[in-house]
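# Commentary on secondary and tertiary structure
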Amino acid sequence: ETQVYSLLGGSTPQGKAVGAFYALTHTAVEWAMQQNKTFRFEGSGQEGIYFFNRQFGAVRRPYTHLLLNRLPLPLRWWKR
């Protein structure tokens, strides 16, 4: 499955006044849908970013990760 990722973005005060970032994000989401691609928003613990993403129907999808530490044993305990 092909995915389109939203990277961090923002607006100038003039862009905020006219909702430019909302319009650009809306256009990107629509394009991804037309191309049968999944649009992935960046995650954030910040309430404002969470609110912004939810307005476009974003749902939380946690990433799984693997931590691999190959340092020598004494350092392995120290660096976690």
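Look a little higher up for the structure.
To start, this report covers the structure provided alongside it. (Residues numbered from 1 in each chain as written. Predicted model: local features only at pLDDT ≥ 70, side-chain atom pairs only at ≥ 80, totals over all residues. Heavy atoms only, no water.)

## Re the overall build of the protein chain
Scanning the protein chain from N- to C-terminus turns up four helices and two strands. Its C-alpha atoms give the protein chain a radius of gyration of 18 Å, clearly above 12 Å, the size a compact globule of 80 residues would have. Taken along the three principal axes of its C-alpha coordinates, the protein chain extends 55 × 35 × 15 Å. Looking at the protein chain residue by residue over its 80 residues, the buried ones come to 16%. Within the protein chain, contacts between residues separated by at least 24 positions form 58% of all contacts whose residues are at least 6 apart in sequence. Accessible surface, the protein chain as shown: approximately 7200 Å² in total, 59% of it carbon and sulfur. If the 10 positive side-chain charges of the protein chain are averaged to one point and the 4 negative ones to another, these points end up 16 Å apart. (Helix = DSSP H or I, 4+ residues; strand = E, 2+ residues; numbered from the N terminus. Rg over C-alpha atoms; globule rule 2.2 N^0.38 Å. Buried < 20%, exposed > 50% of the residue type's maximum accessible area, 1.4 Å probe, protein only. Contact = heavy atoms within 4.5 Å. Areas by Shrake-Rupley, 256 points an atom, 1.4 Å probe, with all protein chains shown as cover. Lys, Arg positive; Asp, Glu negative; His and termini not counted. Charge placed at Lys NZ, Arg CZ, Asp CG, Glu CD.)

## Looking at helix α2 (residues 20-34)
Given 3.6 residues per turn, any residue in an α-helix points the same way as the ones three and four places further on. Here α2 contains 15 residues, and its C-alpha end-to-end distance of 21 Å stays within 8% of the 21 Å for a straight helix at 1.5 Å per residue. Along α2, the residues classified as buried are T25, V29 and A32. Viewed along the axis of α2, the buried residues span an arc of 60°, placing them on a single side of the element. Of the residues in α2, the exposed ones pointing more than 90 degrees away from the buried face are L24 and Q34. Buried residues along α2 sit against β1 (3-5), β2 (38-40) and α3 (47-54). Looking one or two places after α2, you find N36, whose phi comes out positive at around 60°. (Expected span 1.5 Å × (residues − 1). Arc of directions from axis to C-beta.)

## Section: the layout of surface pockets
Put simply, the largest pocket is a space of about 620 Å³. In this structure, the largest pocket is lined by 22 residues; those nearest its centre are F41, A58, V59, R60 and R61. Among the elements that make up the lining of the largest pocket, the one with the highest residue count is α3 (four residues). A class-by-class count of the residues in the lining of the largest pocket yields ten nonpolar, six polar and six charged. One number sums up the size of the second largest pocket: a volume of about 250 Å³. Of all the elements in the fold, those that place two or more residues in the lining of the second largest pocket are α1 (13-18), α2 and α3. In terms of residue count, α3 provides more of the lining of the second largest pocket than any other element does, four residues in total. In the lining of the second largest pocket, the residues fall into six nonpolar, seven polar and two charged. (1 Å grid on protein atoms, 1.4 Å probe; cavity = no way out; pocket = protein on both sides within 12 Å on 5 of 7 lines; lining within 4 Å. Points joined across faces, edges and corners; volume = space filled by probe spheres on them. Nonpolar A, V, L, I, M, F, W, Y, C, P; charged D, E, K, R; others polar.)

## Topic: the side chain of N53
Position of N53 among the secondary structure elements: in helix α3. Overall, the relative accessible area of 7% leaves N53 in the buried class. Ignoring anything within four residues of it in the chain, the contact list for N53 reads F41, E42 and A58.

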